[in-house]
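# Architecture and fold: a report
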Amino acid sequence: MTTILVTGGTGTLGRLVTERLRGEGHEVRVLSRHAEPYAVDLRAGGPALDRAVEGVDVIVHCASSTRGGDEEAARHLIDAARRAGVAHLVYISIVGVDRVPFGYYKAKLAVERLVTESGLGWTVLRTTQFHDLVRTVVAASARLPVMVLPSGVADQPIEVAEVADRLAELAGGPPAGRVADMGGPEVRGLADLAREYLRAAGKRRAVVSVPLFGRTYRAFRDGGHLAPEQAVGKGTFGEFLERRSS
C-alpha cells in the first residue's frame, strides 16, 4: 500500500482523485487549507506542511488558485518533499500553458518548471478545460440579456472524472515525465457551447460574438489551448449538462 498526499484534495478534481486512490487501496492524505488533520496553506509552508509530507511516497499536486501564489506554494511543497524523501510528484497542468500568454497559464508553466527541476521523480499531465469551467463561463455571460463572447474562439472541454482516473493511474505508477496531453472529445466554438448551455438551462438569450484584441486573445483564437490530436476524452459537454440538469 502506497501513502499518497493529494493537495487540493477537497476541490473539484482533488476530491475525485482521492476517491479513486482510496478505492485502489492506497492510504491517502488530503491537504487543503481547511481539511484536518492536514490543514495547510501551501503559500505559507512551515511545520504543518512537513508533518503532512512526512512518510509520504507520492504527492499529487492539484491545489491551484487563479488569485496567485501557485509558484510560492509549489516551492514550499517541493522543499518539504525533498526533506521527506518523497519518491514521486505528480502535477496537473493545462494544455497551452507554453503557448497562451495568459497570467494564470504563465503561473502553471512556472510551476511545471519547478517540478521538472526539483530533483524529485516527477510526472506532468496537461489537460484541456474541464466541463465545469466552461459551464461557469457561459453561465456568467447568460446573466445578461445578451451573451457577449469572444469571436473565433473554440474550446475542447473534458470530463473531470476522466482526468481524475488518469491522475490516479499515474500516481500508482513510476515517475513518467511529461505524459501525453488529454483533450476532450470535441472541439467546438464557444458560441456553440453557449447555445447548448442555454438549451439545457431552458433560457433564451441572444448570443453575440465580438472580436477582441491582444496577444492572449490571438493565442486562444489560434487554438493554443486545444489538443485536437489528443481528443481522448469520452464524455461530451452535452452529456455533462444533462447530468447537471437531471
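Bear in mind that the values here come from a model prediction, so they are computed numbers and not experimental data. (Residues numbered from 1 in each chain as written. Predicted model: local features only at pLDDT ≥ 70, side-chain atom pairs only at ≥ 80, totals over all residues. Heavy atoms only, no water.)

This part covers the sheet that holds strand β4 (residues 88-94). Strand order in the open sheet formed by six strands is β2-β1-β3-β4-β5-β8, with parallel pairing between adjacent strands. Looking at strand neighbours, the two that pair on one side only are β2 (27-31) and β8 (177-178), the edges of this open sheet. Pairing geometry for strand β5 (residues 121-127) and β8, over two bridges, is parallel. Following the sheet pairing, Val 124 is matched in β8 by Arg 178. Against the sheet, helix α3 (residues 70-84) contacts β1 (3-7), β3 (58-61) and β4, and its axis sits at roughly 175° relative to β3. (Pairing = 2+ DSSP bridges. Helix = DSSP H or I, 4+ residues; strand = E, 2+ residues; numbered from the N terminus. Contact = heavy atoms within 4.5 Å. Axes fitted to C-alpha atoms, helices over the stretch in contact; angles between N-to-C directions.)

Right, let's get into the packing of aromatic side chains. Centre-to-centre distance and the angle between the planes together describe a pair of aromatic rings. One pass over the full model with this rule turns up four aromatic pairs. On the basis of an interplanar angle of 65° and a centroid distance of 6.1 Å, the ring pair of Phe 102 and Phe 220 is categorised as edge-to-face. Remark: Phe 220 occurs in helix α8 (residues 215-221) and Phe 102 occurs in the loop between β4 and α4 (103-116); sequence separation between them is 118 residues. Overall, the relative accessible area of 38% leaves Phe 102 in the partly exposed class. Ring plane angle 75° and centroid distance 5.8 Å describe the contact between Tyr 105 and Phe 220, whose orientation is recorded as edge-to-face. Separated by 115 residues along the polypeptide, Tyr 105 in helix α4 and Phe 220 in helix α8 bring together distant segments of the chain. (Phe/Tyr/Trp six-rings, centres within 6.5 Å; stacked < 30°, edge-to-face > 60°. Buried < 20%, exposed > 50% of the residue type's maximum accessible area, 1.4 Å probe, protein only.)

Residues Val 146, Val 148 and Val 208 make up a contiguous nonpolar surface patch of roughly 210 Å² in combined accessible area. When its relative accessible area of 34% is taken as the criterion, Val 208 is described as partly exposed. (Patch = residues over 30% accessible without salt bridge, like charges linked within 9 Å, V, L, I, M, F, W, Y side chains within 5 Å. Areas by Shrake-Rupley, 256 points an atom, 1.4 Å probe, with all protein chains shown as cover. Salt bridge = Lys/Arg side-chain N within 4 Å of Asp/Glu carboxyl O.)

Membership of the largest hydrophobic core comes to 25 residues, with the highest contact counts inside it found for Leu 13, Val 17, Val 60 and Leu 167. For this core, the elements supplying multiple residues, two or more each, are β1, α1 (12-23), β3, β4 and α6 (160-171). A total of eight residues in this core trace back to one element, the largest contributor, which is α6. The contacts of Val 17, once residues within four sequence positions are left out, are Val 6, Val 60, Cys 62, Ala 164 and Leu 167. Val 40, Val 53, Ala 80 and Tyr 91 belong to the second largest nonpolar core, which has 22 residues in total. (Core = buried A, V, L, I, M, F, W, Y, C linked by side-chain atoms within 4.5 Å.)

With that out of the way, let us pick up the environment of Arg 243. Summarising the element assignment, Arg 243 is placed in helix α9 (residues 237-245). Using a relative accessible area of 46% as the deciding quantity, one classes Arg 243 as partly exposed.

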